[in-house]
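What follows is the residue order along each chain.
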Amino acid sequence: MFTYARRPKTPSTLPALALALAACVGASGCDDAGQQGDVSFRPGSTLGGMTLNTSNWVSPGARDVYEFDRTGAWHNVQFGFKTRLAAVIFEDPNYGTISTDPSADPPPSDPWVAISSADDLEISVTPPGGGAPTTYSGADLVGLELLLEVKYKGNAAHPVKLRLTAEFDDPIGGAVYELHKVDPTSGDMIAPICEESTSGDRNARLYGDVSIDAKNGDVSEPVGIIHIGCTAGAPGKSSLYGYFPHGAPDTFKTANRVIRADYCADGYPYTYPGNSLIIRDNFTGDQLGQSLGAVYSYAASNGLAVEAMWGTDGILCVDTPRVDSLDRVDVVCPAKTLADGTLTYNWTPPACDTYVDPAPQELRFYSLTEI
């Protein structure tokens, strides 16, 4: 049997946030001042990654534009919207301002610009008449504009223009960007599309050839779809832990569930933004094959509590719910697929400290939190 220290109940609405801003644990260090004081342990050889969690999928300001087809075809997003990329606008150092409708044929005598479907956001500029394109990425993309047509519930299309205003290099997540909506006519700034994350930024990670269901978290890899994942939401925050969708959609989907405390794998989060979260797994780096027992030993050595062990269908067991006003008995899944594939109803998870993993060789995530 494993033992753990349980967090005391507190009346605070953001108890873990105050703790996380006050101290660092483990072998990694706190973020620098550029991260505005947020305690964010990154995945590495000794720690599985910690930041502050979120319960969100999509920031409210991005609900109409969080996905689009780079080819200029209409794309259905959720919340009642359809999007079409009408123009990519880029200030090229050689050709000046280029504006290209991706659904139109390449102009015979002018350069054209296109968004690629690379893992990181990239654009390519092709010289007049064709030839080898020049690729731009990272900070070179600051100033890039995307003009979209957006329809809401079948109404007439209206223009929405996004401007990439800043780029930041996250040591784990790669290039993240701040995007603002701007007035399509005047060019005046309206507002950032991402709400502020618990680390104080409004950044987004852009994934190529990825679509994410904003209700149940399903991840697919359709060619041409660009997903804008705000770091205030799970898809963008997953990259800060080192988990990406490309080639591993089920793993990425499970990472998003861990971040949102989606215990039952039904879309309902058992957390709210600002709770501390440390993620470990059994398949990356020197964590390969890591067991639940090893995670308990790690937690005991670092003053942490084990929250839960996760498989691809949500939690397998839980000890210390992330929200400190909840107990294990407060977690009830109306319908839950068990590890053996059995569908059961009104399922209450077993405690992890006495749980015997029936398939330790399968994909496992382990979530921990501060005591």
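Up top is the structure.
Cut-offs and rules
- Residues numbered from 1 in each chain as written.
- Predicted model: local features only at pLDDT ≥ 70, side-chain atom pairs only at ≥ 80, totals over all residues.
- Heavy atoms only, no water.
- Helix = DSSP H or I, 4+ residues; strand = E, 2+ residues; numbered from the N terminus.
- Contact = heavy atoms within 4.5 Å.
- Areas by Shrake-Rupley, 256 points an atom, 1.4 Å probe, with all protein chains shown as cover.
- Buried < 20%, exposed > 50% of the residue type's maximum accessible area, 1.4 Å probe, protein only.
- Lys, Arg positive; Asp, Glu negative; His and termini not counted.
- Salt bridge = Lys/Arg side-chain N within 4 Å of Asp/Glu carboxyl O.
- Polar contact = N/O pair within 3.5 Å; in protein donor to acceptor, adjacent residues only side chain to side chain.
- Phe/Tyr/Trp six-rings, centres within 6.5 Å; stacked < 30°, edge-to-face > 60°.
- Pairing = 2+ DSSP bridges.
- Core = buried A, V, L, I, M, F, W, Y, C linked by side-chain atoms within 4.5 Å.
- Disulfide = S-S within 2.5 Å.
- Axes fitted to C-alpha atoms, helices over the stretch in contact; angles between N-to-C directions.

J.: Can you tell me about the overall build of the protein chain, naming the residues and giving the values?
T.: The helix and strand tally for the protein chain stands at four helices and 22 strands. Pairs at least 24 residues apart make up 58% of the contacts formed inside the protein chain by residues separated by at least 6 positions. Within the structure as shown, the protein chain displays about 15000 Å² of accessible surface, and the carbon and sulfur contribution to it stands at 52%.

J.: Any details on the side chain of D281? Residues and values, ideally.
T.: Mapping D281 onto the fold places it in strand β17 (residues 276-281). It is R280 that comes nearest to the buried, bridge-free D281 among opposite-charge side chains, at 7.8 Å. A distance of 2.6 Å separates the side chain of D281 from the side chain of Y243, its partner in a polar contact.

J.: Break down the packing of aromatic side chains for me, citing the residues and quoting the values.
T.: Applying the stated criterion across every chain yields a total of 10 aromatic pairs. Considering the side-chain rings of Y207 and F252, the 5.6 Å spacing of their centres and the 75° angle between planes classify their relative orientation as edge-to-face. Here the residue Y207 occupies a position in strand β13 (residues 203-208), and F252 occupies one in helix α3 (residues 249-260), the gap between them amounting to 45 residues. Exposure class is identical for Y207 and F252. Each is buried. A centroid spacing of 5.7 Å and a plane angle of 50° characterise the contact between Y263 and W310, whose relative ring orientation is tilted. With Y263 in the loop between α3 and β17 and W310 in strand β18 (residues 304-311), the pair connects residues that are 47 residues apart, well separated along the chain.

J.: Describe the pairing of β17, listing the residues and the values that go with them.
T.: By the criterion of burial, β17 is predominantly enclosed, with six of the six residues buried. Side chains of β17 alternate between two faces, with S276, I278 and R280 and L277, I279 and D281 buried alike. As paired elements, β17 and strand β22 (residues 365-370) share four bridges and run antiparallel to each other. Note on β22: the bridge partner recorded for I279 is S367.

J.: How would you summarise the nonpolar core if you had to cite specific residues and measurements?
T.: In terms of nonpolar packing, the biggest core is built from 62 residues, with I115, L146, L162 and L179 touching the most fellow members. Apart from the residues lying within four places of it in its own chain, the contact partners of L179 are L162, R163, L164, P192, I193, A204, L206 and I228. If you look at the next biggest cluster of nonpolar residues, it comprises 15 residues, including V295, Y296, Y298 and V306.

J.: Kindly report on the state of the cysteines, identifying the contributing residues and their values.
T.: For the coordinates displayed, the defined rule picks out three disulfides. With its sulfur 2.0 Å from that of its partner, C194 forms a disulfide with C230. Across the S-S bond linking C194 and C230, the dihedral sits near -80°, which makes this disulfide left-handed. One end of the pair, C194, is in the loop between β12 (189-192) and β13; the other, C230, is in strand β16 (residues 225-230), and 36 residues separate them in sequence. The pair C194 / C230 is uniform in exposure class, with both members buried. Each sulfur in the disulfide pair C317 and C352 lies 2.1 Å from the other. Between C317 and C352 the disulfide shows an S-S torsion of about 100°. By sign, it is right-handed. Of this pair, C317 sits in strand β19 (residues 314-318) while C352 is found in the loop between β21 (343-347) and β22, placing the two residues 35 residues apart along the sequence. Residue C317 is classed as buried on the basis of its relative accessible area of 0%.

J.: Could you give an account of the sheet that holds strand β7 (residues 122-126), naming the residues involved and the relevant values?
T.: Spatially, the three strands line up as an open sheet ordered β6-β7-β8, and their pairing is antiparallel. At either margin of the open sheet sits one strand with a lone partner, and together these are β6 (112-115) and β8 (134-137). Taken over all neighbouring pairs, the strand axes of this sheet differ in orientation by 25° on average, direction set aside. Pairing between β7 and β8: four bridges, direction antiparallel. The residue bridging V125 from the neighbouring strand is T134, located in β8.

J.: Break down the pattern of salt bridges for me, citing the residues and quoting the values.
T.: Applying the stated rule across the entire model yields 11 salt bridges. With a closest N to O distance of 2.7 Å, E145 and R163 form a salt bridge. With E145 in strand β9 (residues 145-152) and R163 in strand β10 (residues 158-170), the pair connects residues that are 18 residues apart, well separated along the chain. With a shortest N-O distance of 2.9 Å, D357 and R364 are connected by a salt bridge. Each member of the salt-bridge network shares a partner with another, and the members are R84, D101 and E149.

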